[in-house]
Amino acid sequence: MGIYINKGNGLFRQARNSEYIDKSALIAVVNQTLLTEKRYTCVTRSRRFGKSMAAKMLAAYYDNTCESRSLFADLQIAQHPTFEEHLNKYPVIYLDLSAFAIELGKRDIVNRIMKALPQDQGAPL
């Protein structure tokens, strides 16, 4: 699996094996914006309120290199009409900027990403 591209559903699978509160309704909201002018989504919350968990969930749902149906079968999104339509259908780039900030001290994050992405996908940008 890639470092940033198509990481699969392992991170969300780990979360489901722990205490997990269903927030999969967020997926239905994002599904409404796909392929529209509003397709860019920013998930914001206060510190320590689940942004990373939401990102892991979204990545597992959309990532086209894995099968995630069983991870979502008992969650709210499985009852939504768009569930099957978008499940595991798209390439996903997953960036955890907090890891960059810790490693680089909040400097040169963009340059680091630009260098790493071509290596991750095996081709120059």
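These notes cover the structure that comes with them. (Residues numbered from 1 in each chain as written. Predicted model: local features only at pLDDT ≥ 70, side-chain atom pairs only at ≥ 80, totals over all residues. Heavy atoms only, no water.)

**Focus: unusual backbone geometry**
One non-glycine residue, Asn-6, adopts positive backbone phi at about 50 degrees. Of note, Asn-6 is situated in the segment before helix 1 (10-16). Overall, Asn-6 belongs to the buried group, its relative accessible area being 15%. Of note, the phi angle at Asn-88 is positive, near 55 degrees, even though the residue is not glycine. (Helix = DSSP H or I, 4+ residues; strand = E, 2+ residues; numbered from the N terminus. Buried < 20%, exposed > 50% of the residue type's maximum accessible area, 1.4 Å probe, protein only.)

**Re the packing of aromatic side chains**
Going through the model one piece at a time under the given rule, you end up with six aromatic pairs. With a centroid separation of 5.1 Å and an interplanar angle of 15 degrees, the aromatic rings of Phe-12 and Phe-72 are classed as stacked. Of the two residues, Phe-12 sits in helix 1 while Phe-72 sits in helix 4 (residues 69-72), which places them 60 residues apart along the sequence. You can call Phe-12 buried: its relative accessible area is 1%. According to the relative accessible area criterion, Phe-72 is buried, its value standing at 0%. Here the aromatic rings of Tyr-61 and Tyr-62 are separated by 4.7 Å at their centres, their planes lie at 85 degrees, and the arrangement is edge-to-face. Comparing Tyr-61 with Tyr-62, the two get one shared label, buried. By the ring-pair criterion, three or more aromatic residues cluster together here, those being Phe-12, Tyr-20, Tyr-61, Tyr-62, Phe-72, Phe-83 and Tyr-90. (Phe/Tyr/Trp six-rings, centres within 6.5 Å; stacked < 30°, edge-to-face > 60°.)

**Quick word on the pattern of salt bridges**
The final tally for this structure, using the stated rule, is three salt bridges. In this structure, the salt-bridge partner of Arg-16 is Asp-74, at a minimum N-O distance of 3.0 Å. With Arg-16 in helix 1 and Asp-74 in the loop between helix 4 and helix 5 (83-86), the pair connects residues that are 58 residues apart, well separated along the chain. Glu-67 is the salt-bridge partner of Arg-69, the closest N and O atoms lying 3.2 Å from each other. Where salt bridges share partners, they join Glu-67, Arg-69 and Glu-84 into one cluster. (Salt bridge = Lys/Arg side-chain N within 4 Å of Asp/Glu carboxyl O.)

**Quick word on the side chain of Ser-68**
Following the sequence through the fold, Ser-68 ends up in the loop between helix 3 (51-62) and helix 4. A residue is classified by how much of its surface remains accessible, and Ser-68, at 0% relative accessible area, is buried. For Ser-68, the side chain forms a polar contact with the main-chain oxygen of Ala-60, separated by 2.7 Å. Aside from chain neighbours lying at most four places away, what touches Ser-68 is Asn-9, Ala-60, Leu-87 and Asn-88. (Polar contact = N/O pair within 3.5 Å; in protein donor to acceptor, adjacent residues only side chain to side chain. Contact = heavy atoms within 4.5 Å.)

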